[in-house]
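Listed below are the residues making up each chain.
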Amino acid sequence: MIQLEKVTFSYNGDGLPVIHDLSLSVDKGECVVITGKSGCGKTTITRLINGLATHFYNGSLSGRVIINGVDQRDFPFWSIGRRVGAVLQDPSSQFFAEKAADEIAFGCENYGMPRHEMMKRISIAAEKSSSSQLLDKSLFHLSSGQQQCLAIASIYAVNPDVYVFDEPSANLDSAAVERLSQLISVLKNEGKTIIIAEHRLFYLTHLADRILYMENGQLTRHFSSAELRAAEPAKLEQLGLRFARLPRIRVSEEIQEKETVITIDRLNFSYKNVPVIHDFCLQIGKGEIIALRGPNGAGKTTLAKLVCGLLKQKTGNIWFRNRMNDRNQRRKQIFFVMQHTDSQLFAESALEEVRLNAKKPEKAESILASYGLAPFKASHPSTLSGGQKQRLLLAVAESMDSSILILDEPTSGLDGETMRLLAERLRVLAARGKAILVISHDQEFIASTCTRIIHMEQGKKITDKAIIR
Amino acid sequence: MYSSKLSSESKRLSVRNLATIGIFSVLMIILAIAVAIPAMSVLYFSLFISSPLIAFLSAPLFTFMLLKVHKRGTVLVYCLIMAVLYLISGTPYLAAWFVLSAILGELAMSRPNAYKNFIWITISWIICSLFRATNGMIDIWFFSKQYLASGVSKEHFNQVAHFYYSAPWVLLILVLTAIGAVLGGYVSAKLMKKHFVKSGLLR
Amino acid sequence: MNLTALHVDFRAKLAVFALMFLLSALLTHDVSICIALVFMLMYLWMQGFYRAGVFYFFAGVLIAFLRTLTGSGGVTVFLPDVLLFALLRISLVMMAAYAMVRMPPSEVTAAFMKMGFPAALALPITFMLRFAPTVRGEFRTVFSALRMRGLLSFAHPMRAFEYILIPVITRSAAISDDLAASAELRGIANPGTHSCLRDIRFRTMDGVLILMSVGLTAICLYFDRWVIL
């Protein structure tokens, strides 16, 4: 179905090739997962198959990419979507219409499908992706999981033979990953050929026929599903991969008393008269790393913004070291790393970024080095990869020496190696007496890093337990 | 076996290019509105400061858009979009005025490699800014009856007309706008070099 | 699928918009503008835009009320009469614009194509409609990040300008590429005919709507010129 023959590819003509003399053949109906560390070239493989690499990014390709017997370059770009459907990483920037029904119709409309046929396909696609109730909802208000399901539904309606996914789970919570996994298995059962570039492997082990490991633009290892499941965690760690099975988080009700840094006392907040945070109480102690979990819309990010002073609470108090500080004073003590790292980087180089706020600018280089970013100190932040940007922001946070750190989904889209590095740095910071609050769905990360886990629903704290290791 | 080269990129505006133009146009429009609406409350501010300020602040967005697309026709499409917006918003005479700016602005970029040259980009930006600055004047010069009939207080009209009917004042506004655009062009050249050219984000 | 709300053709919306724009430019009395506001409230209501309709309607009425209350003095320096005057008219035009802005992009594109519009203009406008609602959020994130880092200071306006602009540019460039890629991968550049889920047809109802708007325009103008003295 898909053949890559001795493919070498680079994004700009004279640059280093991202893919190097790579050959790959995928049969019809096969489900192949490509994994590897960030920057190994797996996203580029998906782009070679869906045509973005040559037609959109205008890179230079030698070798051949053959889909269903025809060279990819012989198709006009617009027609590729009929044969190859592609789901990209960030669901929030790949939908087009406001209403879900229009979004599913988008591809069909472009290919000029008659209206009655379109209607039929929309309802089938919506049913298969279990998003029938969403059809008249606005995509702007849906969770990323729902957006991702609709992105798949929109392709399903066009009915291509090949599906290519680029890190589809990067922005999803655990429930949404479960739904994604079911949806992929529906596609597999219909005999579709599926290629997935992904870091998180646990939800794919029962679906994948083959798991390919990529390194420096080449495929160097392959596993069967069973081999991957049986693989020693130490071996996967050595390869920089995430684990094939999610570790269990073991909890206990007894929370150790620590010296309190911040006390949140019966916090309330509403947005447009809809309560978002409801009587929320929490004490965070020195050296704690607290995981904050909960479904989409539970108010986790709002809580973080209230604590760090970006929003003002309606009622309730936030005490900082037993003193009541106003929002502006709090902002000096707390650093919040939001999602969308792009919007939080301002300087012309990574080193300058750390220096901007550093209490001790002369330490900037060594901080950068401890996050493995020394080779990139002169690079512009916007040219870094997602994981590097995340590390850079954490380096900024460390340089600012704030006593409290709040992170919003810091490990989304990170490979195993980067995730572990981040986890280790957080443990170092906690050992130095910082208090850390992490909004995260990443079970691997929580299990290896956090000391306490709070579950939140509808603006309320549901459970608060210690994690034992 | 053959190899496709970078130069194969078509000279026509692709969907990607058109998306860039559309999205940066939105940013420029929103920036202009953000300056113009508060400016309305102070007459002298809206007369003398608002156009030069918009010309200055939007320049980096315009420059980035041109550098990112770097193909003929970018300025043309951008100005024509403005024309369409004026057309839809019920002022066809301003739309015609913007078609003129589209042609002139694109002509300024007709040199080979002008889309990589900060000087030509700035010249094109001056043209676009001057055309935008004259919007209000066109209203008064050619459509004063409608403008008055629209219920604007006579006093307000006289104040505005006093400036717009006097050549030195009009010239002053245009010169200020051009200065704003030139400064904007200079600052954006510096910003682009500092942030995007060196980093290889822009070719 | 919620297609129960009345579907108005793009061309009819355009006509309503043009007429409202005309009214906003020609009407001199607030009372006649309020009549037009009532009409626009019904116009938005029947298309299912309840909240927006009510919001703009009451905003307009409130401004008109403020103006009668204060005469021509305006409310303090911050809300001079000129601004109130303009805002009242803008809210009328906004109501007409709202119905157009909220159309699904594919319908806009299809309507543009049907009107013989070149793709080089129709496509950027489609992207603009998709991107515009998110701009505020993008700026807000950048401002939040700047405040977290304490980098937002009026002491260095040029630096603040740079810090605001650079992330906005990087983000917007990334979003524009993502959107374009996802559109291209679903065949937006297909040179053949595109179809549309929404039935693009000029129905009798659209004709009636235009007639009603023309009627309203005439009544408002008549009222404005000859009844109120």
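All values reported here derive from a predicted model rather than from experimental measurement.

**Q** When you look at the interface of chain C and chain A in this model, what are you seeing that I'm missing?
**A** How big an interface is tends to be stated in terms of accessible area lost as the parts join. Every contact between the two is made by 50 residues of chain C and, on the other side, 57 residues of chain A. Buried area between chain C and chain A, summed over both chains or domains, comes out near 5100 Å², and the portion from carbon and sulfur atoms is 60%. At the boundary of chain C and chain A, one finds two salt bridges. One salt bridge connects A:Glu353 with C:Arg149, and the closest N-O pair in it is separated by 2.8 Å. Only helix H5 (105–114), helix H6 (119–149) and helix H7 (157–184) of chain C provide two or more residues apiece to the side of chain C that touches chain A.

**Q** Looking at this model, I keep getting lost on the confidence of the model for chain B. Mind explaining?
**A** Residue and element names in this part refer to chain B. For chain B, per-residue confidence averages 83 on the pLDDT scale, and 85% of positions sit at 70 or higher. By mean pLDDT, the top-scoring element of chain B is helix H5 (residues 118–133) (92), and the lowest-scoring one is strand S1 (residues 3–4) (36). Note that residues 1–8 has pLDDT below 50 and, in this model, 22 contacts with residues that lie over four places away or in other chains.

**Q** Teacher, can you tell me more about the domain arrangement of chain C here?
**A** All names here are of chain C. Under the domain assignment, chain C is made up of domain 1 (10–104 + 203–227) and domain 2 (105–185). Once you take the C-alpha centre of each, domain 1 and domain 2 turn out to be 29 Å apart. Carbon and sulfur atoms supply 73% of the area buried between domain 1 and domain 2, which totals about 680 Å² over both sides. Contact with domain 2 buries area across many residues of domain 1, yet Phe 10, Met 103 and Pro 104 alone supply 69% of it, more than any other trio. Taken together, the links from domain 1 to domain 2 amount to zero salt bridges. For the pair domain 1 and domain 2, the number of links is zero residue pairs in polar contact (both at pLDDT 80 or more). In terms of residue count, the dominant contributor to the side of domain 1 that touches domain 2 is helix H1 (residues 10–26) (three residues). Broken down by class, the residue content of the side of domain 1 that touches domain 2 amounts to five nonpolar, no polar and one charged.

Definitions and cut-offs
Residues numbered from 1 in each chain as written. Chains lettered and ligands numbered in written order. Predicted model: local features only at pLDDT ≥ 70, side-chain atom pairs only at ≥ 80, totals over all residues. Heavy atoms only, no water. Contact = heavy atoms within 4.5 Å. Buried area = accessible area lost by both parts, 1.4 Å probe. Salt bridge = Lys/Arg side-chain N within 4 Å of Asp/Glu carboxyl O. Helix = DSSP H or I, 4+ residues; strand = E, 2+ residues; numbered from the N terminus. pLDDT = per-residue confidence, 0-100. Domains from an automatic or database assignment. Polar contact = N/O pair within 3.5 Å; in protein donor to acceptor, adjacent residues only side chain to side chain. Nonpolar A, V, L, I, M, F, W, Y, C, P; charged D, E, K, R; others polar.

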